Each structure stands twice: as structure tokens, then as C-alpha cells.
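Observations on the model geometry
The residues making up each chain are set out below.
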Amino acid sequence: MGTTISFGIQKGGVGKTTTTAISSFLLADMGYRVLAVDFDSQGNLTGMLTQRNIYDFTEHTVLQALKEKDPIPYIHQVRDNLDLLPAEDFLSILPRYLYREYKGHPTTLLRETLDVVKAEYDFILIDLPPNLGDHTINGLTASDYAVVMLQSEPFCYDALDRYLEFLGGAQENTNPDLVLAGILTTMLDARATIDSSILDQAKDDFEDLVFESVIRRRSRIKEFSIEGIQNRLKADRVALAPYESFIKELISRVKERQVQ
């Protein structure tokens, strides 16, 4: 049975999609069977992993999978060991579907849909949207573990407590088995004193919940969104190294929890 991990916080531009994409890529490279789920109607994960226009997938996306409670016809192979359940902007109508047409519980639809294929994968990674609405509660309800993103800037840090409260609500009401895997610091600018101060504050406030791995700003990471993720050049390897460190930590935390 696979392990489902979501990446989220209610702020945009903090590295959720990039981290989900690169983590999926690296896990697949390690030999794990991975399904990446784009659960953001912007479709950026879809674009980054496939290098195609998101509208190429219209009517063949996670939205149709949810309506049929069957993801199998809508899963697209990206590369060896890596599949994608894509999204485009019609995913934004999900709340209307949940409350006007769907007859089941509105928070458990994604979990029930992914359960169909969960045994086929080692990891299912969900890219959540930057809000605290129905998409996010469905994503957390479907997850075994949640990675909370922390861009090292004040507004994102201010959002952290509320997201953790929201996650706690999911644990209490819809998914008692959900585990907070940890808080991942992203887009850190080593030249900015405030970035380092925010990281230090997070470690003081949340201690071991903060991953030791830190994702720093690098221009090569931005280029991956245009060119696709690559691991050929020295610049690629340097850019990917912090994510490799994070993946090792994440797997260690998951395995440690499974042993308990």
C-alpha cells in the first residue's frame, strides 16, 4: 500500500509545486513507483512535469477521476516510475460539484478516488492549492502525511499557525491518521538577514518539526519550470541536492513512524 503525502500552505509562490514535482522526479529516479496528483486548478504541476499546455488534458484530469471515483483512465505516464493525475482550471468547479451533485461526504472524495490505485504506487504526492477550501481539506483527508511549506518571508510565516490549525481540524474531523511529516523551509535567500531570522524562529517555535534540509533560491530551479526537471549538468545536480537531502529526511520520518 502506497504512502500519500500532501504539500501545502495557504500562500502562493512558496515552492509547493516545484517541491512536489522535484520530489516526484527524485523518488522515481530512486526506483519508487510514484503518482503525482495536481490538485491545484492552476495546473502548474501538470505543466512542469509534462512540458505541455494544461488544456491538452481537458476532460482527462483529476476532476473527471473524482466524478467517476476512478483515476485509472486519467493517469498519464510522465517517465519511468512516474505517473501524473493532471489538472487544469475546470478543477476550480469542484466545490460546486461536491455540494450540488455529489451524494457522498464532500471531504472524502479524493481519498476514495485515490484508494482505487493506492496499492499500485509506493508514493502518491499531492500538490495542494494556496487556500484553505474544499480542495485542501480533500487533500489532507486523502493524505497519510502532510508537508507544510514555509517560504522564509514574514507573510508565509504568519500563515503557518493557521495552516497547522487547519491541519489539526482535519486530524480531528476527517482523517485521524494524518501525520504532520514536518515543515520544509523553501526559497531561502542566504544574503537576506530576515530569511535566516525566520528560519531560526521557526526552529525555536517548532523544534524537530522543521526539516534540517533547506531549499535555497537558485535560478536553475526556476528554469526547471520552463525546461522540465533535468539531472545532466553540474548546475542541475547542485540545484537538486537540497531536495535529495529533503527526500532522505522525509523517507526516514515516514519509515520511523511506520515502525512505531
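Treat the numbers as computed from the prediction; the structure is a model and nothing was measured.

1. Focus: the pattern of salt bridges
Oppositely charged side chains can form a pair if their charged atoms are brought close together. All told, the structure shown has 10 salt bridges when counted by the stated rule. Across the salt bridge formed by D56 and R52, the nearest N and O atoms sit 3.5 Å from each other. Salt-bridge contacts for R220 lead to D236; the nearest nitrogen and oxygen are separated by 2.6 Å. Residue R220 is located in helix α9 (residues 219-227), and its partner D236 is located in helix α10 (residues 234-259); the two are separated by 16 residues in the primary sequence. One continuous salt-bridge network, built from bridges that share partners, spans R220, E223, E227 and D236.

2. Overview of the layout of surface pockets
Its volume calculated, the largest pocket comes out at about 520 Å³. Contributing to the lining of the largest pocket are 24 residues, with G13, V14, G15, T18 and M187 lying nearest its centre. Elements represented by at least two residues in the lining of the largest pocket include exactly α1 (16-29), α2 (44-50), β7 (179-188), β8 (210-216) and α9. Its residues placed into classes, the lining of the largest pocket shows 7 nonpolar, 11 polar and 6 charged. Volume-wise, the second largest pocket comes out at about 190 Å³. Residue lining of the second largest pocket: 10 residues in total, with V179, L180, R253, E256 and R257 positioned closest to the centre. Those elements that provide at least two residues to the lining of the second largest pocket are β7 and α10. Classifying every residue of the lining of the second largest pocket by side-chain character gives 5 nonpolar, 1 polar and 4 charged.

Quick notes on the rules
Residues numbered from 1 in each chain as written. Predicted model: local features only at pLDDT ≥ 70, side-chain atom pairs only at ≥ 80, totals over all residues. Heavy atoms only, no water. Salt bridge = Lys/Arg side-chain N within 4 Å of Asp/Glu carboxyl O. Helix = DSSP H or I, 4+ residues; strand = E, 2+ residues; numbered from the N terminus. 1 Å grid on protein atoms, 1.4 Å probe; cavity = no way out; pocket = protein on both sides within 12 Å on 5 of 7 lines; lining within 4 Å. Points joined across faces, edges and corners; volume = space filled by probe spheres on them. Nonpolar A, V, L, I, M, F, W, Y, C, P; charged D, E, K, R; others polar.

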